[in-house]
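For reference, the chains in residue letters:
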Amino acid sequence: MKSISSKLFVKELQLAQIVLTPLFLLATLMVFIPNYPLLVGAFMVCLGIFYSFQNTREQQDIIYSVLLPVAKRDIVSAKYRFVCFYEIIAFVLFGIWTVIRMTLMSAVRPYAEGSLLPPSPLFLAFVLFLFLCFNVLFVGGFFRTAWALGKPLIFFSIAALFTIVSAETLPHLPGCGFLKNPAGERLGLQFSVLFLVFVFYVGGTLLSWKKSVDRFERIDL
Amino acid sequence: MSEIILEVKNLCKDYENFRLQDISFQMARGRIMGLVGRNGAGKTTTMKAMLNMISRSSGEVRYFGMDIREHEREIKQRIGYAGSQKGWYQRKRIGDIARITLGFYEKSDPQAFEKYLGLFSIDPKKRVLELSEGMKVKFSIALALSHHAELLILDEPTSGLDPVSREELLDLFRWLRDEGVSILFSTHITSDLDKCADDITYIAKGQLLASAPMDRYLAECREKGLGSTLEEIMISCEKEGNFREKHLF
């Protein structure tokens, strides 16, 4: 027998989600565009998830869910599970494309001559950081009202812009030139940063979920 | 007195421009109760607070002897709700919504759902947006009955319906009552209550004016010279403004 959490997750996928969310996973392929700020792909993945939240509001999904025999916190948990589900898929895809770019394609001309941040463990750390911003600023912001989407999206977009600019500036800073190597350099350091950001992603998302549960208990629908 | 299945005690909700004050009433099993009042009187706020959709400032709501805050999941297994809103998931098919919804209920009965769809002439392959307002209410009721809800809470189910559909819905309420289902429905259409309500709870400007069996309420209002039908009583009370003094049930 399925748990309430699994049933709500199925409800998210079959009723609340719109097709743009999985479709926007294709944006992970932007990793293969030469000389392009690759984190835009991660931003697009978040935008895909945003469209399902928009559908959530338009189709009164929250009201429908509240009337089901579930606790309010279950509804918040299901939304976070849905978001993390797509973020993890996107992260795995980004990981696969990164390995391909760093190994099989590192010497390919347009990639070898690029001046922007190439796919690397550090790039993946930035992807996770962008997803964390989405979970805290957008999803957490949404549960202030379970209705308003505009402000949370704007806050997330501003954070995303700063993240993308920071990621693209970093390789040009003194002592950070090694980050431009398409085959990867000082990988130990890069993987350490990736691990650290992963810990932040998990911790930050859990904190955001807890805050959202508290907020959602108090708001009037 | 039959078993009390719903008890609302001193329910209060404060908004900036509106206050729901000390709403208290009880509902027994197998009864139809009309929650009546003008537009904006506080009927929907009362229902939302009862369903834990809004936080209440104070007061208590108990179903089947259990507090909604502490036993939300168990209580919602046993009740059903339908509102007058445009409906959920407009572009999804009835059958798909029902399959997912019924999956949440321990006593879900897909065969009963098919039976009710047949009874209400609703095609499960239709999308929600293809249903008329009356059909949407019937669909919500079919869903609620298919998990054997013991209490239906309906927020203005008859508003926006043509007279024939309203009559059909009221027939359905009477049939459900005979089957042992309790119904609490809000309305400002007093003729609906005349036709099927056993009890009435009257709210005006966020305050409870009366909660009593319908026949007793009508008799006492007649004695006080407030009118002989619900419509007359409502008009006389709401017009005069000092309604509170005239209503003491």
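This one's a predicted model, so the numbers in the text were calculated from it and none came from an experiment.

A. Local environment of the overall build of chain A. Across its full length, chain A carries nine helices and zero strands. Starting at the N terminus and walking to the C terminus, you meet the elements of chain A as α-α-α-α-α-α-α-α-α. For 221 residues, the compact-globule estimate of 2.2 N^0.38 gives 17 Å, and the C-alpha radius of gyration of chain A, at 19 Å, lies within 12% of that figure. Here chain A, with 221 residues, has 54% of them falling under the buried criterion. For chain A, restricting intrachain contacts to residue pairs at least 6 apart in sequence, the fraction spanning at least 24 positions comes to 81%. Total accessible area on chain A stands at roughly 9,600 Å², and carbon and sulfur atoms take up 73% of it. Across chain A, 18 positive and 11 negative side-chain charges occur, with their mean positions spaced 3 Å apart.

B. Structural view of the confidence of the model for chain B. When the pLDDT values of chain B are averaged, the result is 87; 94% of them are 70 or greater. As scored by the predictor, the complex reaches a pTM of 0.89 and an ipTM of 0.85.

C. Region of the structure containing the pairing of strand β9 (residues 199–204) of chain B. Residue and element names in this part refer to chain B. Summarising burial for β9: six of the six residues are buried, a large majority. The two faces of β9 match: Asp199, Thr201 and Ile203 on one face and Ile200, Tyr202 and Ala204 on the other face are all buried. Inspection of the sheet shows strand β3 (residues 32–36) paired to β9 by four bridges, in the parallel sense. Looking at β9, one finds that Leu35 is bridged to Thr201. Across six bridges, β9 lies against strand β10 (residues 207–213) in antiparallel orientation. Paired with Ala204 across the strands is Gln207, a residue of β10. Between β9 and β10, which follow one another and run antiparallel, lie two residues, and Lys205 among them has a positive phi close to 50°.

D. Fine view of the interface of chain B and chain A. Counting residues at the interface gives 28 residues for chain B, matched by 25 residues for chain A. Each partner contributes to the roughly 2,600 Å² buried at the junction of chain B and chain A, and carbon and sulfur atoms together form 59% of this total. Across the contact surface, chain B and chain A share two salt bridges. Of the charged contacts in the structure, one is a salt bridge between Asp74(A) and Arg73(B), with a shortest N-O distance of 2.7 Å. Contributions of two or more residues to the side of chain B that touches chain A are made by α2 (72–78) and α3 (94–102) of chain B.

Definitions and limits used
- Residues numbered from 1 in each chain as written.
- Chains lettered and ligands numbered in written order.
- Predicted model: local features only at pLDDT ≥ 70, side-chain atom pairs only at ≥ 80, totals over all residues.
- Heavy atoms only, no water.
- Helix = DSSP H or I, 4+ residues; strand = E, 2+ residues; numbered from the N terminus.
- Rg over C-alpha atoms; globule rule 2.2 N^0.38 Å.
- Buried < 20%, exposed > 50% of the residue type's maximum accessible area, 1.4 Å probe, protein only.
- Contact = heavy atoms within 4.5 Å.
- Areas by Shrake-Rupley, 256 points an atom, 1.4 Å probe, with all protein chains shown as cover.
- Lys, Arg positive; Asp, Glu negative; His and termini not counted.
- Charge placed at Lys NZ, Arg CZ, Asp CG, Glu CD.
- pLDDT = per-residue confidence, 0-100.
- Pairing = 2+ DSSP bridges.
- Buried area = accessible area lost by both parts, 1.4 Å probe.
- Salt bridge = Lys/Arg side-chain N within 4 Å of Asp/Glu carboxyl O.

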